Amino acid sequence: MSTTSAPEGAVQAIEEGLARLGTSFRDAFASAPTEQALRLEYAKVLGKKGDLTAVLALMRNVAPAERPRAGAAVNAFREQVESAFAARLHAITRAVRDAELNARPYDLSLPGRTELGRGHAHPIHQVRDELLGIFRELGFAIAEGPEVELEENNFTKLNFPPDHPATDMQDSFWLASAEGARVLLRTHTSNMQVREMSTHAPPLAVVSAGRVFRRDDDLTHSPMFHQIEGFLVDEGVSLADLRGVLTAFVERLYGPGTPVRFRPSFFPFVEPGVEVDVGCVFCRKADGSYAGCRVCKQSGWLEVLGAGMIHPEVFRHCDIDSEKYTGFAFGMGIDRVAMLKYGVPNIRLMFESDPRFLSQF
Ligand code: PHE
């Protein structure tokens, strides 16, 4: 009897042991708050020193014939533990993730950061708009044109003969030619004279501002800079009209009484050509005398623009009758006006987009 009852008792002992563990591990898993705690509970059951190992020790009392039954019970139990563990692990991981997703990343009740401030136009664009605004008040229309230009609009029709030294003066950025036409980045905004005069009949009073490009690079020259061009064409326009318009412009820009001086100069598309100076905005005194300063190199004058009476050859290229019409044109560097206005010593600062610089305007 004992030979059969002992094994019989052993299987029962195993089954009872498993039944006991069966409720305790479920409670332990269910109340494990974290993944780490759960893994600890798991090890208590299935680990090397776990409860199941203790139950399995009873296996050696089981008769060989009963072993499959006992083994199946153990395997079924192991599977229950594994699946309960997996289910609880999933629930914990998901709870952690939900908590993360629901946590508010920002405290929306905090006051905003006022020190960020508002953006504003670039100083050169501010000055450009100011200059264009003055000419608009004086009755000029505003035109826009391309930065990539045909050689004929930039040079040829402006009376630059091929190989004229003036074309060397403006070391150009040439681009690949298109359909046999030579193309470059415009070296000045004077291309707008050709474009507007070829497409519109006088009377004309136009200003245009934009980027121009030359192979220059030093403290006061950048390979890309800005110009504003203006011209006026009608019957009976004279150099006196040019002087009148530029004086009105300069007084609006730098204040009433700011003197304007013309010096003879040369540009192939004007005749006569002039260089225009204004009284130094830095050292001119109220009584009209000058203290002399570094900016004007002690001369009392600042050179601000080139101008002149439009050359008859330019009119001819644009199909305008130079016997009937005359006109003046002028071109001015915007960057230089901006640098003088704000006292900026190095033109590169203008184009580096450093917020520490730009926020000062
Ligand atoms: N285009 C000339 C320059 O870039 C300036 C200019 C414009 C001179 C119009 C006369 C008339 O130097």
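Residues numbered from 1 in each chain as written. Predicted model: local features only at pLDDT ≥ 70, side-chain atom pairs only at ≥ 80, totals over all residues. Heavy atoms only, no water.

1. Description of the site of the ligand
The line we're drawing: One heavy atom within 4 Å of a molecule or strand makes the whole residue count as near it. Counting of polar contacts relies on pairs of N or O atoms within 3.5 Å, with two restrictions inside protein: one atom must be capable of donating a hydrogen and the other of accepting it, and residues adjacent in sequence are counted only when both atoms are side-chain atoms. For the accessible areas, the method is Shrake-Rupley and the probe is 1.4 Å, while residue cover comes only from the protein chains on display.
Around the ligand, the surrounding shell holds 14 residues, and the nearest of these are His 188, Ser 190, Arg 214, Gln 227 and Gly 331. At 3.0 Å, a side-chain N or O of His 188 approaches a nitrogen atom of the ligand. Contact distances for the ligand include 3.0 Å between an oxygen atom and a side-chain N or O atom of Gln 227. With the chains in place, 92% of the 320 Å² that the ligand exposes on its own is no longer accessible.

2. Some points on the sheet that holds strand E2 (residues 148-150)
Here is the rule we go by: Strand pairing is defined by DSSP finding a minimum of two bridges between the two strands. Every helix listed is a DSSP run of H or I at least four residues long, and every strand listed is a run of E at least two residues long, numbered separately from the N terminus. Between N-to-C directions, angles span 0 to 180 degrees; the directions come from axes that are lines fitted to C-alpha atoms, helices contributing only their stretch in contact.
The strand order E2-E4-E3 describes an open sheet built from three strands, whose pairing is antiparallel. The open sheet has two free edges, formed respectively by E2 and strand E3 (174-178), since each of these has just one partner strand. Neighbour-to-neighbour, the strand axes of the sheet open up by a mean angle of 30°, direction not taken into account. Of the strand pairs in this sheet, E2 and strand E4 (residues 181-185) are connected by three bridges, and their pairing is antiparallel. Each bridged residue has a counterpart across the sheet, and for Val 148 the counterpart in E4 is Leu 185.

3. Quick notes on the packing of aromatic side chains
The cut-off we apply is this: Aromatic contacts are taken between Phe, Tyr and Trp rings whose centres are within 6.5 Å, Trp giving its six-membered ring; a plane angle under 30 degrees counts as stacked, one over 60 as edge-to-face, and the others as tilted. Whether a residue is buried, partly exposed or exposed follows from its accessible area with a 1.4 Å probe, protein chains only, as a fraction of its type maximum: under 20%, in between, or over 50%, in that order. Both a distance and an angle decide whether a charge sits over a ring: NZ of Lys or CZ of Arg must be within 6 Å of the ring centre and within 35 degrees of the ring normal.
Tallied over the full model, the rule gives 16 aromatic pairs. Note on Phe 25 and Phe 77: the rings are 5.6 Å apart at their centroids and 90° apart in plane angle, and the pair reads as edge-to-face. A residue pair is termed long-range when its members are at least 10 positions apart, and Phe 25 in helix H1 (residues 2-31) and Phe 77 in helix H4 (residues 67-102) qualify at 52 residues. Here the two residues Phe 25 and Phe 77 agree in accessibility, since each one is buried. On the basis of an interplanar angle of 40° and a centroid distance of 6.3 Å, the ring pair of Tyr 290 and Trp 301 is categorised as tilted. One end of the pair, Tyr 290, is in the loop between strand E8 (270-279) and strand E9 (301-310); the other, Trp 301, is in strand E9, with eleven residues separating them in the sequence. Take Tyr 290: its relative accessible area is 26%, and that puts it in the partly exposed class. Taking the ring centre of Trp 174 as reference, the NZ or CZ of Arg 182 above it sits at 4.2 Å.

4. A short note on the packing of helix H5 (residues 123-137) against helix H9 (residues 239-254)
In plain terms, the rule: The scheme is simple: roughly parallel for angles under 35 degrees, roughly antiparallel for over 145, roughly perpendicular for 65 to 115, oblique for anything else. Take the far helix as your reference; a near helix turned counterclockwise from it by less than a right angle gives a left-handed crossing, and one turned clockwise gives a right-handed crossing. Contacts are assigned to residue pairs with any non-hydrogen atoms lying within 4.5 Å of each other. Under this grouping Gly is polar, as are all residues other than the nonpolar Ala, Val, Leu, Ile, Met, Phe, Trp, Tyr, Cys and Pro and the charged Asp, Glu, Lys and Arg.
Two elements in contact, H5 and H9, have axes whose closest approach is 10 Å; the angle formed by their N-to-C orientations is 130°. One element, H5, and the other, H9, form an angle in the oblique class. For the pair H5 and H9, the crossing hand works out as right-handed. Along the contact surface, H5 presents Glu 130, Leu 131, Ile 134, Phe 135 and Glu 137, while H9 presents Val 245, Phe 249, Arg 252 and Leu 253. Looking at the contact of H5 with H9 residue by residue, the classes come out as six nonpolar, no polar and three charged.

5. Here's the deal with the packing of H5 against helix H11 (residues 334-342)
Look at H5 against H11: their axes get within 9 Å of each other, and the N-to-C directions meet at 105°. Considered as vectors, H5 and H11 are oriented roughly perpendicular to each other. Contact residues: Pro 123, Ile 124, Gln 126, Val 127, Arg 128, Glu 130 and Leu 131 in H5; Ile 334, Asp 335, Val 337, Ala 338, Lys 341 and Tyr 342 in H11. Across the contact of H5 with H11, the residue classes tally to eight nonpolar, one polar and four charged.

6. Remarks on the confidence of the model for the protein
In plain terms, the rule: Scored from 0 to 100, pLDDT reflects the predictor's confidence in each residue.
Counting all residues, the mean pLDDT for the protein is 90, and 96% of those residues have values of 70 or more. Note on residues 1-6: pLDDT is under 50 here. Beyond four places in sequence and across chains, it has one contact.

7. Re the nonpolar core
Put simply, the rule reads: By nonpolar core is meant a set of buried Ala, Val, Leu, Ile, Met, Phe, Trp, Tyr and Cys residues that side-chain atoms within 4.5 Å join together.
Judged by nonpolar contacts, the single largest core of 45 residues is most densely connected at Phe 135, Phe 328 and Phe 330. Leaving out residues up to four positions away in the same chain, Phe 330 has contacts with Phe 135, Val 207, Ile 228, Glu 229, Gly 230, Phe 231, Leu 242, Leu 246, Leu 305, Gly 306 and Ala 307.

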